[in-house]
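Spelled out from the first residue to the last, the chains are:
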Amino acid sequence: SSFSLVCTTKNYSEGLQEDQKIRNCIKNYVQKNMKFCSAIEGISRIEIQKRIGVIQIIIYIRFPKLLIEGKPKKLEELQRNIQEELNCVNQKINITITRIENPYRQPNILAEFIAEQLRK
């Protein structure tokens, strides 16, 4: 991140739990809105950068249309879901979607693809 902050163990563990809630919220939202696949196919990674009053989330995804179609409506809905999950209406949530150019070079996407093929 672009700033330094002295963290206690309690703050660090709370931060990790908060990050996991954000990731789960995003994955659940994408899975719920994905029409062609039941897996969470396409998310390579989720970066979370926290600053005072702002949480910046960068989603690296194979199918950006999942979150970009209907934009800004879908992103606003996802932002509200995250704010509700974290119970932090005072913090601004910024979400950026980045398309993965070579998705099958990403280990988790490749693993999801192979698992889907095995299920079929």
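Heads up: these notes are all about the structure in this document. Computed from a predicted structure; not experimentally measured.

About the cut-offs
Residues numbered from 1 in each chain as written. Predicted model: local features only at pLDDT ≥ 70, side-chain atom pairs only at ≥ 80, totals over all residues. Heavy atoms only, no water. Helix = DSSP H or I, 4+ residues; strand = E, 2+ residues; numbered from the N terminus. Buried < 20%, exposed > 50% of the residue type's maximum accessible area, 1.4 Å probe, protein only. Contact = heavy atoms within 4.5 Å. Areas by Shrake-Rupley, 256 points an atom, 1.4 Å probe, with all protein chains shown as cover. Phe/Tyr/Trp six-rings, centres within 6.5 Å; stacked < 30°, edge-to-face > 60°. Lys NZ or Arg CZ within 6 Å of the ring centre and 35° of its normal. Pairing = 2+ DSSP bridges. Axes fitted to C-alpha atoms, helices over the stretch in contact; angles between N-to-C directions. Core = buried A, V, L, I, M, F, W, Y, C linked by side-chain atoms within 4.5 Å. Salt bridge = Lys/Arg side-chain N within 4 Å of Asp/Glu carboxyl O.

This part is about the overall build of the protein. Within the protein, the secondary structure is distributed over four helices and three strands. Reading the protein from its N terminus to its C terminus gives the helix and strand order α-β-β-α-α-β-α. Taking all 120 residues of the protein together, 34% fall into the buried category. Counting only contacts in the protein whose residues sit at least 6 apart along the sequence, the fraction spanning at least 24 positions is 63%. Accessible area of the protein: about 8000 Å², with a carbon and sulfur share of 51%.

Turning next to the packing of aromatic side chains. In this structure the tally under the stated criterion is zero aromatic pairs. Arg45 extends its terminal NZ or CZ atom over the ring of Tyr60, reaching a point 3.8 Å from the ring centre.

A few words on the sheet that holds strand β2 (residues 54-61). Strand order in the open sheet formed by three strands is β1-β2-β3, with mixed pairing between adjacent strands. What marks the edges here is a single partner per strand, and that holds for β1 (43-51) and β3 (92-99). Shown here is a sheet whose adjacent strand axes are inclined to one another by a mean of 15 degrees, direction ignored. Where β2 and β3 come together, eight bridges link them in parallel fashion. Following the sheet pairing, Ile58 is matched in β3 by Thr96. The sheet strands contacting helix α3 (residues 73-86) are β2 and β3, and the helix crosses β3 at an angle near 130 degrees.

In this fold, Ile109 is placed in helix α4 (residues 107-119). In the structure, Ile109 is positioned 65 residues away from Ser44 in sequence and 6.3 Å away in space, judged by C-alpha atoms.

By secondary structure assignment, the location of Ser44 is in strand β1. Contact partners of Ser44, with chain neighbours within four places excluded, come to Tyr60, Ile100, Gln106, Asn108 and Ile109.

Now for the nonpolar core. Ranked by size, the top nonpolar core spans 20 residues in total, and within it Ile22, Ile26, Ile57, Ile59, Ile82 and Ile95 carry the most contacts. In terms of residue count, helix α1 (residues 9-33) provides more of this core than any other element does, five residues in total.

A separate point is the pattern of salt bridges. Taken as a whole and assessed by the stated rule, the structure comprises three salt bridges. Between Lys50 and Asp19 there is a salt bridge; the shortest N-O distance is 2.7 Å. Placement of the pair is Lys50 in strand β1 and Asp19 in helix α1, with a sequence separation of 31 residues. Classification of Lys50 as partly exposed rests on a relative accessible area of 22%. The exposure class assigned to Asp19 is buried, which follows from its relative accessible area of 16%. Put simply, Glu47 and Arg45 hold a salt bridge, and the shortest N to O gap is 3.2 Å. A relative accessible area of 39% means that Arg45 is categorised as partly exposed. Overlapping salt bridges, with partners in common, bring together Glu18, Asp19 and Lys50 in one network.

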